[in-house]
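The primary structure of each chain is shown beneath.
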Amino acid sequence: QRLKECMIVVLHAPAKGGAGGGDDLTTSFKNEQQRLLQMLIDKDLPPPTTPRPDGVNTKDEHYPLRVTSVFFQEFDGLSNPLAGHPVQHLWGKTSLFEKLGRCKFQISPGAFFQVNTEGAELLYGIVVDKVREVSPNPENTLVFDVCCGTGTIGITCIKEGVANEVIGVDISEPAIEDAKINAELNGVQDRTRFVAARAETVLGNEMNAVRDSSKTMIAIVDPAREGLHADVSRAIRNNKKIQRLIYVSCNPTGSLVKDAAILCAPATKKYGGRPFKPTFVQPVDMFPMTDHCEMIMVFDRLTEEDEFGPSKEKADDKKKSTDVRSDVKMVTEEKEEKSSTDVKMKAAEEVVVDVKTEEKTNEKDADSSKDANTTDATTTTNKNEDDTMKVEG
């Protein structure tokens, strides 16, 4: 969309023979092939005329598109060809180049690449954030990019500075060839290794090869609609160094449910290792105005306490800690109670002292009043005696 280029792959039945036999139509097919090619390259592709579901008709900034590559792919099966099925390059460029975030990627006909570039940037941004959460030292972080396609997620993690090394696995040889080229395009070829094989056949060996490493290991999986192979889930569960798994699903109501049940179930003979638990989920609408949606789900490894509850030693330590806190609380309460009692006793003593002081003061006042009355009476008596003596005289 950003480059305004378009690659077209035309899937067709064999011109000769095929599933039901038949006539040799090679000449007619060649003529039709050339006629179709001229139709595709003579003019720019017009914008779609189908009205939008919301009824809004706006000019699409991504049009007009120019067809820059045309491939034909012969297939006599009843479904879609497998990844890596050969194609015939008929006209134009042999690949496309797309910018996604800070990276540049080459896309070949048989390679998987997100068709919604802006949506892919949003999706990859969430993945990068979830890697960053558990990679305190990015220089010591290794990412397993399972079903890596053209290496977009793993290379983005390195370019965004949340990982230092990526091991990518994908079944499609063209996609892996693109991934190797993309690593060179983005200057990270010395920190990536991409393997073209079924993930279930090589992932276990790849993980065992770095089992003794001291690096932080994170797994990112982006499988097709059928989900993860059982051996992939087993390899991830058995590698105890993988404490976080980031699952990007294009089938959240189907294969994601199945795989989550396997990853989070208690350990069995078939699926060993401590189980995971889902800790984050985020839908990303990669296909607007359709029923389809991508889903990011983060799984973190259960701790021993999560799985079995606190151990006896931890329980004893917790009890001791609780007992110590209880003793401290009791001593504190006793001190506070004693302090409160002392304050009350001191206040009571002060009240008693005040009462006694008041009583003494009252007694002193009473004695003073009594002395004054006695003096007045004596003075009155002496005066009367003097008056009597005057009368007698």
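Relevant structure appears above.
Residues numbered from 1 in each chain as written. Predicted model: local features only at pLDDT ≥ 70, side-chain atom pairs only at ≥ 80, totals over all residues. Heavy atoms only, no water.

Caption draft 1: Quick peek at the side chain of K130. Residue position: K130 is located in helix α2 (residues 117-133). Its relative accessible area of 11% is what places K130 among the buried residues. The residues contacting K130, other than those within four sequence positions of it, are R244, I246, F280 and V298. (Helix = DSSP H or I, 4+ residues; strand = E, 2+ residues; numbered from the N terminus. Buried < 20%, exposed > 50% of the residue type's maximum accessible area, 1.4 Å probe, protein only. Contact = heavy atoms within 4.5 Å.)

Caption draft 2: Spatial organisation of the sheet that holds strand β8 (residues 192-196). The mixed open sheet is built from seven strands, whose spatial order is β8-β7-β6-β9-β10-β12-β11. Bordering the open sheet on either side are β8 and β11 (276-284), each of which pairs with just one other strand. Averaged over all neighbouring strand pairs, the angle between strand axes comes to 15 degrees, with direction disregarded. Contacts from helix α3 (residues 152-159) reach β6 (141-146), β7 (165-170), β8 and β9 (216-221) within the one sheet, and its direction differs from that of β7 by about 175 degrees. (Pairing = 2+ DSSP bridges. Axes fitted to C-alpha atoms, helices over the stretch in contact; angles between N-to-C directions.)

Caption draft 3: Up close: the side chain of S249. As for its placement among the helices and strands, S249 is situated in strand β10 (residues 242-249). With relative accessibility at 1%, the residue S249 sits in the buried group. At a separation of 3.0 Å, a polar atom in the side chain of S249 contacts the main-chain amide nitrogen of N251. Here S249 is in contact with L256, C293, E294 and M295, once residues within four sequence places are set aside. (Polar contact = N/O pair within 3.5 Å; in protein donor to acceptor, adjacent residues only side chain to side chain.)

Caption draft 4: Looking closely at unusual backbone geometry. The backbone of C147 sits at a positive phi, close to 60 degrees, despite the residue not being glycine. Tracing the chain through its elements places C147 in the loop between β6 and α3. Of note in the backbone geometry, M289 takes a positive phi value of approximately 65 degrees without being a glycine.

Caption draft 5: Fine view of the environment of T201. Relative to the assigned elements, T201 resides in helix α5 (residues 199-209). Among the polar contacts listed, one links the side chain of T201 to the backbone oxygen of R198, at a separation of 2.7 Å.

Caption draft 6: Representation of the nonpolar core in the model. Ranked by internal contacts, the top residues of the largest apolar core, which has 37 residues, are L123, V127, V131, C157, I220 and I246. Of all the elements in the fold, those that place two or more residues in this core are β4 (96-100), β5 (103-107), α2, α3, α4 (173-185), β9, β10 and β12 (294-301). With seven residues, α2 is the single largest residue contributor to this core. The next biggest cluster of nonpolar side chains, apart from the first, holds 29 residues, and it includes L142, L203, L228 and L245. (Core = buried A, V, L, I, M, F, W, Y, C linked by side-chain atoms within 4.5 Å.)

Caption draft 7: Inspection of the pattern of salt bridges at higher detail. Under the defined criterion, the tally for this structure stands at 14 salt bridges. Here D259 ties to K258 by a salt bridge, and the two come within 2.6 Å at their closest N and O atoms. As a salt-bridge pair, K277 and D306 come within 3.2 Å of each other at their nearest N and O atoms. Taken together, the residues span a long stretch of sequence, with K277 in strand β11 and D306 in helix α8 (residues 304-308) at a distance of 29 residues. Overall, K277 belongs to the partly exposed group, its relative accessible area being 31%. Accessibility expressed as a relative area gives 40% for D306, which makes it partly exposed. (Salt bridge = Lys/Arg side-chain N within 4 Å of Asp/Glu carboxyl O.)

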